[in-house]
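Architecture and fold: a report
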Protein chains: 8
Amino acid sequence: MDIDAILNSVAQGLMSPKEARKLIGELSIADLGHTKIDLERGARTGFAEVVFCQGKTPQQIEDIFSEFQARGLDALGTRISEEAASRLRLRFPNAVFDKISRTAVLRSKQNKEKRGLIAIVSAGTSDMPVAEEARICAEFFGSNCQCFYDCGVAGLHRLTSNIDKIRKARVVIAVAGMEGALASVVAGLVGVPVIAVPTSVGYGASFGGLCALLSMVNSCANGVSVVNIDNGFGAAYIASMINLSDSKK
Amino acid sequence: MDIDAILNSVAQGLMSPKEARKLIGELSIADLGHTKIDLERGARTGFAEVVFCQGKTPQQIEDIFSEFQARGLDALGTRISEEAASRLRLRFPNAVFDKISRTAVLRSKQNKEKRGLIAIVSAGTSDMPVAEEARICAEFFGSNCQCFYDCGVAGLHRLTSNIDKIRKARVVIAVAGMEGALASVVAGLVGVPVIAVPTSVGYGASFGGLCALLSMVNSCANGVSVVNIDNGFGAAYIASMINLSDSKK
Amino acid sequence: MDIDAILNSVAQGLMSPKEARKLIGELSIADLGHTKIDLERGARTGFAEVVFCQGKTPQQIEDIFSEFQARGLDALGTRISEEAASRLRLRFPNAVFDKISRTAVLRSKQNKEKRGLIAIVSAGTSDMPVAEEARICAEFFGSNCQCFYDCGVAGLHRLTSNIDKIRKARVVIAVAGMEGALASVVAGLVGVPVIAVPTSVGYGASFGGLCALLSMVNSCANGVSVVNIDNGFGAAYIASMINLSDSKK
Amino acid sequence: MDIDAILNSVAQGLMSPKEARKLIGELSIADLGHTKIDLERGARTGFAEVVFCQGKTPQQIEDIFSEFQARGLDALGTRISEEAASRLRLRFPNAVFDKISRTAVLRSKQNKEKRGLIAIVSAGTSDMPVAEEARICAEFFGSNCQCFYDCGVAGLHRLTSNIDKIRKARVVIAVAGMEGALASVVAGLVGVPVIAVPTSVGYGASFGGLCALLSMVNSCANGVSVVNIDNGFGAAYIASMINLSDSKK
Amino acid sequence: MDIDAILNSVAQGLMSPKEARKLIGELSIADLGHTKIDLERGARTGFAEVVFCQGKTPQQIEDIFSEFQARGLDALGTRISEEAASRLRLRFPNAVFDKISRTAVLRSKQNKEKRGLIAIVSAGTSDMPVAEEARICAEFFGSNCQCFYDCGVAGLHRLTSNIDKIRKARVVIAVAGMEGALASVVAGLVGVPVIAVPTSVGYGASFGGLCALLSMVNSCANGVSVVNIDNGFGAAYIASMINLSDSKK
Amino acid sequence: MDIDAILNSVAQGLMSPKEARKLIGELSIADLGHTKIDLERGARTGFAEVVFCQGKTPQQIEDIFSEFQARGLDALGTRISEEAASRLRLRFPNAVFDKISRTAVLRSKQNKEKRGLIAIVSAGTSDMPVAEEARICAEFFGSNCQCFYDCGVAGLHRLTSNIDKIRKARVVIAVAGMEGALASVVAGLVGVPVIAVPTSVGYGASFGGLCALLSMVNSCANGVSVVNIDNGFGAAYIASMINLSDSKK
Amino acid sequence: MDIDAILNSVAQGLMSPKEARKLIGELSIADLGHTKIDLERGARTGFAEVVFCQGKTPQQIEDIFSEFQARGLDALGTRISEEAASRLRLRFPNAVFDKISRTAVLRSKQNKEKRGLIAIVSAGTSDMPVAEEARICAEFFGSNCQCFYDCGVAGLHRLTSNIDKIRKARVVIAVAGMEGALASVVAGLVGVPVIAVPTSVGYGASFGGLCALLSMVNSCANGVSVVNIDNGFGAAYIASMINLSDSKK
Amino acid sequence: MDIDAILNSVAQGLMSPKEARKLIGELSIADLGHTKIDLERGARTGFAEVVFCQGKTPQQIEDIFSEFQARGLDALGTRISEEAASRLRLRFPNAVFDKISRTAVLRSKQNKEKRGLIAIVSAGTSDMPVAEEARICAEFFGSNCQCFYDCGVAGLHRLTSNIDKIRKARVVIAVAGMEGALASVVAGLVGVPVIAVPTSVGYGASFGGLCALLSMVNSCANGVSVVNIDNGFGAAYIASMINLSDSKK
């Protein structure tokens, strides 16, 4: 029952103004005790809510997955600890876990057909966990992905030799730590949006990804925007929004 | 003459390998002395190069505008000083200057028809110069824009009363200084990508926009990515890429 | 017409649901073109909106003051430049300007009777502009104020000799730059809330007030909370909320 | 025996000036060896001293609790380690421990009747430990509390659907990590003081709560002041001061 | 009349407890309106108060100098602007101004005989204003000074060739910007306390003296302690305390 | 087959343009699955690729070493964990491990004769791991090295007594934590390039090497350039480039 | 044999210039392999070298202590790990270990008579390890010490009730974490140099002692200078230099 | 007269030990009053001292240039203000001024023949002042230079089309602001040392060159070391050391 339905009920005398006021407030919230699941936004955006598991107890995570399953919704958890993963495995034998990216996917429905193409380019081997989180999330949202790993700018040909394939994507996710130069170089070579993900890979004056973050924000190339350090999920989310949008709007 | 044409010429004996090598190198550079204009990238991306005028002398800016005009290309300059603007006005009487955003547009061709819709939402009156830079650039690239100014989160109804209109856009540009909370709130209310632009508006612990930048990067909402502080142009560029993309790719 | 009135109108058939929806949105916004004035919040909080003039043009400020005057509302502007003050003086001869705090007050109504007591304690002579902004704003909101200036902790007796008077207040505003130790010392001596205002007074490693801000946030004393650097207005606002609250709620 | 009594004794010849001088110094300090307990301030402020246990040994904490018990005072300890909690449990079987907030309460007296109302609003599930520390401390000080958890701004209706209840409070504690936007949004919706508590929840560029702290300090909303990162106790202290104050002063 | 005298008066019935209480509070404060002059501390420490003129108006500075003169006290002002200096010159023709260090000295009494020896060592020509402020202040406090300028560590022999003279001092003030290495090297070569003064001399990553400050705080040499950036006065103060102390205490 | 050979093949009709295009892309990349090994750069620079093992799994490291061995290339790994070292020891009994510097060298070929001279100067005992990493890498690249450890500037003679030997080198590597003054002092005493390596040695305000890094970047001495914190390898690389260069170019 | 003796030997023909040159270089260095012990500086300054054990292996520490013992010198080690302490205990049964301050003292000679007085004032119980390190080091250097712990400014009377005793000292060491206000307050109350030691005690925005460090550097009180965070030893060193100096120089 | 000559004189009885001691100290210092000119280092390093004019008065600069001229030495001044340049022009009509780089060269001797080759690559037009400072200094030191300006990585072909020419250099200076990615990309393409110069070009989160500095320090490419922000001179100095070194040493 959405806001229009409620107002119509009031107009038709089927609902008192007081009831209406209460319903408008409760419209879109499903309260799980420790966590409120946002149902309306899921419907509105076409993207199911993904569960950020860091800082939640295994019990809380299990509750949330159960709630999703009970409602017939697909569930994706990110940053799952070993301990939480063990627990989920027992409870949801059908869930698919990925160790590198620390994600879990529990499908209630058939996989949607994937559409479009996101290119995921990363600088070094150590950036793989973040890049893989981006890939798994983007695929969960229904995007095709193609990955180009270990393409850091210190060996430019590793990137340029793949550039024609990368140019086929509707959007690129560029994943890099250290000095984060990959985003600028990629954006200079393609004609589509580049979502840059700084990673905490590096040491010394990389300051846990701060250097890469600043680097990407200051990119001299056009068409770059940036998400948080190590935020593969966030990059996948906005990249999928771009990749899956159609031009009729 | 692109790389395929060159290789074909070599194959047909029309060009020596040595000539080919040289041509591949020079393929896309037009050297203006102080500045190299990137012609290939313009063709590749569909976006003409915009001139960032800060740090360039009035003479250099005039040279670049002249070059663009001579080649029949549209020119857009951002961050033009008063001094440079005065000079350009004399030389290019047809150019259109905007004082708030400090931009200049010189059309060689008819305006392209604008397509799609970008919503530009800003937090306060003082954010207007950045928001207007975004609008003028986005329109220059061929995007329709609708602006919602002074919609900061401290008076939430100023934003929520416009939310239905904002939801019609294919992408939103959220412009805010101080604590930059606007990006998170907007992204929670719409289902399209939000390009967040932190501004240097504020004082004290806003540290010239750093607070807003961090805030936007750490957004708890999905679908947000961030460009540099006060970078209205950068937001317009990637937003237009998203807005103008078609779904056939 | 508030939301309850609107819903009642719908229930009584005096208003269509569609009209209702529109009215709910527009309920509380008065749009001045460049600025939206938040009327509902004023009514809700009992505090008229104060105009932060930094970053606004003299014309915009004059427009806002005119709007307030036209509606019979009192107006208070902070951080007014010399240029804007000159302009306002011509237009509003009854307005009261204060040079040290850079504020302007334009009364449409009789002064309200002032209530309660706020003690404003500052560390040094150079903190006076911020302390005076706090005083003028707090008095504008209807609070009695008593000021204790140049009471920095390096000469503790300057503070302790006044402590009995300070203890009479319902809330204390502590204003200090440099190392900002005043807030901790005052809070250790009184039994009421201390609103700490770091100032940008200092040099070298004071980093424009950052040192004082951190100091106050890390205060070892209980009952301290902190507003932005140089934000005398903000301290006055929350201090007045506390001072003017009654205990019936 | 307070300072006035001492001076009177001197005037009446009952005490020598030398004795008086010594007594004035020792007036309010009870020295436990490793820790000095401040008795006068407790009497002065109406708030018993709370023990910050981080950085103290289990033995020291036990000593302090014993001292409180011996004097018939209530004791509240915050940030108690597992190890210290185990020790206290053996010694004080009546003490109440809370695992989430890591607090311990040892009542010597009957609970006071609670008064007023503090609303505690938090952004996400992971902010609960800080929010619960605030709740337990505020209740210890004699305030009624009502909690609204997982109300982050990315799903605004989770907050707005509760806003009428929140508005019933005399003061609001807003607890949020990441970009900390909650404080601004809440303050824009209520007419009472908002004590903002940044938390260290987040990752990457949240820098252990620095982003949330800056965000809250730069809040564009009125009526916000800020305590240290994760300082639930500090927020409870000042909020209780506000909540419990009466308007007769 | 000090605290002991007051207490004695009470004991002798010459003063009421109430009067005593008031006198204790007012004991040491002379209130100039905008500034409180601390008389007791001057007597206690043997160092007259120095006026930090930055952030004070020329009028306020003149008032303070007049007050000092009226009481027969010597006055020293630091960080005097050109404007304030011009004003003081008219009013106090006997005052001595120093342009490099931006100080003014107004003697009411004969110069005290100078004692001991402070060596002031600076790294480069640009550090001279800070070093000279230190020298003038230290001489004002009664210390002999010897200066060794332009002795930066990049040309070590400029320092080592003077080391025997420097070793004659009771305390060394080391003044350096950029990487501030001078303090460590000097402290390794002498056997007396080194007061390190970082300066804002430098550019780029010197961050206004932050690099030198950190460097000096992290000194690997023993016997170094540090004052604020550009704080020549502060160094002179503590260095004079050390230089002028006698060993009888 | 390099690019000239490919173009010649096309000219001679031995290769189609399409094949040529593909080959140009693949020219220099050997893809190991998780890692791409850059063969062309090795040939181009004369320096074999060194494996930065931090953030790679033992399996990945073993794969890379195997690949190097299979191709008859020497392998050097840095920042090898205990776990990875144990694994490599089993697989490559001929490899040489160094515990202090956490490096492993696996020679496929005879050691090259070493040339030139690099002086490695370090400030304290705790800087040894970084200094030793530099030494082992530089020797791997074919440079002679001489080490001067524990020569911090607080005891200047420890450095100056060795200065004649240090001056014999073609390039100096200066390794220091804390305030990092060593680089400036050394550079002032020698006439060759100084590559400065800040280390994370220190505590408190050394901020993990940031102080030393800033110090070295701000060096007042000529001839200093800086690599990342703790980056002994990086210093060895560029120092060897300088040391091994001949003057014929 | 010092430099004068060497030059005389040359003048008398007892030594060749070449030998002289070598001896001048080696004059003051005793090389232990991994560590160089600075003998001349000890003689020059009257302070034996203290061993900073953090970052040294137990073996290295044992070597250094043995060397000191063999030469009949007293040894003091700071920041000794549990592991190293266990080892030293076996080897040097006469050494005295202190667990709180993590120090070890090995006397070869009779204790010197202690002179003068240093007052050590600390803010809270958690600052004790740093304060105790200062005390033990200062006593090792021959200074009398008196400690005043848990005297934080939030309960000012804890400090003021001891102020007469503190004023008896020739120099004060003020130890505080969090906002570090103690240094300013103490310095305002005494007339001797205050050596301020920021500690890493605190949480959230204390940033590991940075807040206290900045606070102390920005102190509004005169006579304060600052050493590194948690550097109790460094404070003791310079304080002892001041305390033990005599005024004959 | 160097140290060996002095010692020989002593041995031959031509000089007393006392005289010798004095001479050793004064050996290499020529004191100009405000500035000490380091003569020995010039001789030792083969590089004349360059005058950093920022922070020096025109008079001081003129004095230094005169001193150089009087001694028949070439003089190079950097960061010369307009005011100082005007003054020097009058006094030294033969001096050559460069407006972009703000340098002045005064030749006393014939130009030395230039040797070797330094490639100077810069990212954008606005980096030219720094790049030109590097060029002029390097040529002053006797190096041949070739410049490649406006080769930022956003248009990679601008760089790659010149790479063969760049590879001819013995050392490369890479000059870039914003995200500073140029250094990494260049270093990946050449086999010689790359001296990276971050510039303050940029805005917002470039923080005056800090982003570029961090980026270059964290470079994923081998063979990069870094000088201070905008330090074209410093890069030229060390690059010339490398370029001019011969391999006989």
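Scoring rules and cut-offs
- Residues numbered from 1 in each chain as written.
- Chains lettered and ligands numbered in written order.
- Predicted model: local features only at pLDDT ≥ 70, side-chain atom pairs only at ≥ 80, totals over all residues.
- Heavy atoms only, no water.
- Salt bridge = Lys/Arg side-chain N within 4 Å of Asp/Glu carboxyl O.
- Helix = DSSP H or I, 4+ residues; strand = E, 2+ residues; numbered from the N terminus.
- Buried < 20%, exposed > 50% of the residue type's maximum accessible area, 1.4 Å probe, protein only.
- Contact = heavy atoms within 4.5 Å.
- Pairing = 2+ DSSP bridges.
- Least-squares fit on C-alpha atoms with pLDDT ≥ 70 in both.
- Buried area = accessible area lost by both parts, 1.4 Å probe.
- Nonpolar A, V, L, I, M, F, W, Y, C, P; charged D, E, K, R; others polar.
- Expected span 1.5 Å × (residues − 1).
- Phe/Tyr/Trp six-rings, centres within 6.5 Å; stacked < 30°, edge-to-face > 60°.
- Lys NZ or Arg CZ within 6 Å of the ring centre and 35° of its normal.
- Axes fitted to C-alpha atoms, helices over the stretch in contact; angles between N-to-C directions.
- Parallel < 35°, antiparallel > 145°, perpendicular 65-115°, else oblique.
- Left-handed = near helix turned anticlockwise from the far one by under 90°.
- pLDDT = per-residue confidence, 0-100.
- Right-handed = clockwise from strand over helix to strand, strands pointing away.

According to the stated counting rule, one finds 56 salt bridges over all chains in the structure shown. Notably, a salt bridge pairs Arg91(D) with Glu62(D), separated by 3.0 Å at the nearest N-O pair. One end of the pair, Arg91(D), is in helix H5 (residues 82-91); the other, Glu62(D), is in helix H4 (residues 58-70), with 29 residues separating them in the sequence. Since its relative accessible area comes to 40%, Arg91(D) is described here as partly exposed. For Glu62(D), a relative accessible area of 12% translates into the label buried. The partner of Arg87(H) in a salt bridge is Glu62(H), with the nearest N and O atoms 2.7 Å apart. Of this pair, Arg87(H) sits in helix H5 (residues 82-91) while Glu62(H) is found in helix H4 (residues 58-70), placing the two residues 25 residues apart along the sequence. Shared partners join several salt bridges into a network, and the residues in it are Glu62(A), Arg87(A) and Arg91(A).

This brings us to the environment of Val171(A). Residue and element names in this part refer to chain A. Looking at where Val 171 falls in the secondary structure, it is placed in strand E9 (residues 171-176). Each C-alpha atom, one on Val 171 and one on Leu 90, is 37 Å from the other, the two residues being 81 residues apart in sequence. The residues touching Val 171, leaving out its near neighbours within four places in the chain, are Leu 117, Ile 118, Ala 119, Val 192, Pro 193, Ile 195, Ala 239, Ile 242 and Asn 243.

Turning to the environment of Val186(A), a few remarks are in order. Residue and element names in this part refer to chain A. In this fold, Val 186 is placed in helix H9 (residues 182-189). Look at Val 186 and you get buried, because its relative accessible area is 0%. The sequence separation of Val 186 and Ala 174 amounts to 12 residues, and the corresponding C-alpha distance is 7.6 Å. Residue contacts for Val 186: discarding those within four places in its chain leaves Val 121, Leu 159, Val 172 and Val 194.

Another point: the sheet that holds strand E6 (residues 103-106) of chain C. All names here are of chain C. The four strands lie next to each other as E3-E4-E6-E5, forming an open sheet whose pairing is mixed. At either margin of the open sheet sits one strand with a lone partner, and together these are strand E3 (51-52) and strand E5 (96-98). Judged from the two bridges that link them, E3 and strand E4 (residues 75-78) form a sheet pairing that is parallel. What sits directly across from Val 51, in E4, is Gly 77.

Take chain A, turn it by 180 degrees, move it 0.1 Å along the axis, and it overlays chain B with an RMSD of 0.2 Å. Here the symmetry operator amounts to a two-fold rotation axis. Across chain A, the smallest distance between a C-alpha and the rotation axis is recorded for Val226(A), namely 2.4 Å.

Listed by partner, the interface residues are 34 residues for chain A and 34 residues for chain B. For the pair chain A and chain B, the summed buried area comes to about 3,000 Å², and 58% of that belongs to carbon and sulfur atoms. Summed over the shared surface of chain A and chain B, the number is zero salt bridges. Elements supplying a minimum of two residues to the side of chain A that touches chain B: helix H3 (39-45), H9, strand E10 (194-198), helix H10 (210-217), strand E11 (224-226) and helix H11 (232-244) of chain A. In terms of residues, the side of chain A that touches chain B owes the most to one element, H11(A), which gives five residues. By residue class, the composition of the side of chain A that touches chain B is 17 nonpolar, 10 polar and seven charged.

The next subject is H11(A). The end-to-end C-alpha distance of H11(A) is 18 Å, a good match for the 18 Å that 13 residues give at a rise of 1.5 Å each. Counting buried positions along H11(A) yields 13 of 13 residues, so the element is predominantly enclosed.

Residue and element names in this part refer to chain D. Here strand E4 (residues 75-78) shows no split at all, with Ala 75 and Gly 77 on one side and Leu 76 and Thr 78 on the other all buried. As judged from the three bridges shared by E4 and strand E6 (residues 103-106), these two strands associate in the antiparallel manner. Its bridge partner lying in E6, Gly 77 is registered against Ala 104.

Once that is clear, we can look at the packing of aromatic side chains. Residues and elements named next belong to chain A. Enumeration over the complete set of coordinates arrives at 48 aromatic pairs over all chains. Arranged with centres 6.3 Å apart and planes meeting at 55 degrees, the rings of Phe 141 and Phe 233 form a pair that is tilted. With a gap of 92 residues between them, Phe 141 in the loop between helix H6 (128-140) and strand E8 (143-148) and Phe 233 in helix H11 connect regions that are remote in the sequence. A relative accessible area of 3% means that Phe 141 is categorised as buried. By the ring-pair criterion, three or more aromatic residues cluster together here, those being Phe 140, Phe 141, Phe 233 and Tyr 237. When the ring centre of Phe 97 is taken as reference, the NZ or CZ atom of Arg 89 above it lies at 4.6 Å.

The packing of two helices is summarised by the inter-axis angle and the distance between the axes. All names here are of chain C. It is the contact of helix H4 (residues 58-70) with helix H5 (residues 82-91), at a shortest axis distance of 9 Å, that shows an interaxial angle of 40 degrees. Classified by the angle their axes make, H4 and H5 are oblique. Taken as a pair, H4 and H5 cross one another with a handedness that is right-handed. Listed contacts from H5 to Pro 58, Gln 59, Ile 61, Glu 62, Phe 65 and Ser 66 of H4 are Glu 83, Ala 84, Arg 87, Leu 88 and Arg 91. Residue composition of the contact of H4 with H5, by class: five nonpolar, two polar and four charged.

All names here are of chain A. Averaged over all residues, the pLDDT of chain A equals 86, while 84% of them reach at least 70. A low-confidence stretch, residues 25-29 (pLDDT under 50), is modelled with 18 contacts involving residues beyond four sequence positions or located in other chains. Reported confidences for the modelled complex are a pTM of 0.87 and an ipTM of 0.84.

All names here are of chain F. Burial analysis of strand E7 (residues 115-122) places six of its eight residues in the buried class, which makes it a mostly covered element. Pairing analysis gives five bridges linking E7 to strand E8 (residues 143-148), with the strands arranged parallel. Bridge pairing in E8 links Arg 115 to Ser 143. Each parallel crossover has a hand, and for E7 linked through helix H6 (residues 128-140) to E8 it is right-handed. For E7 and strand E9 (residues 171-176), the ladder comprises five bridges, and the chain directions are parallel.

With a phi angle near 65 degrees, Asp230(A) is a residue other than glycine that sits in the positive phi range. Looking at where Asp230(A) falls in the secondary structure, it is placed in the loop between E11 and H11. On the accessibility criterion, Asp230(A) (18% relative accessible area) is buried. The phi dihedral of Phe207(C) falls on the positive side, at around 45 degrees, and the residue is not glycine. Looking at the secondary structure, you find Phe207(C) in the loop between strand E10 (194-198) and helix H10 (210-217). Residue classification places Phe207(C) among the partly exposed residues on the basis of a relative accessible area of 27%.

On to the sheet that holds strand E5 (residues 96-98) of chain G, then. All names here are of chain G. Pairing is mixed across the open sheet formed by four strands, whose spatial order is E3-E4-E6-E5. If you trace the sheet from one side to the other, it starts and ends with strand E3 (51-52) and E5, each paired once. Pairing of E5 with strand E6 (residues 103-106), which is carried by three bridges, proceeds in the antiparallel orientation. Residue pairing for E6: Val 96 is matched across the bridge by Val 105.

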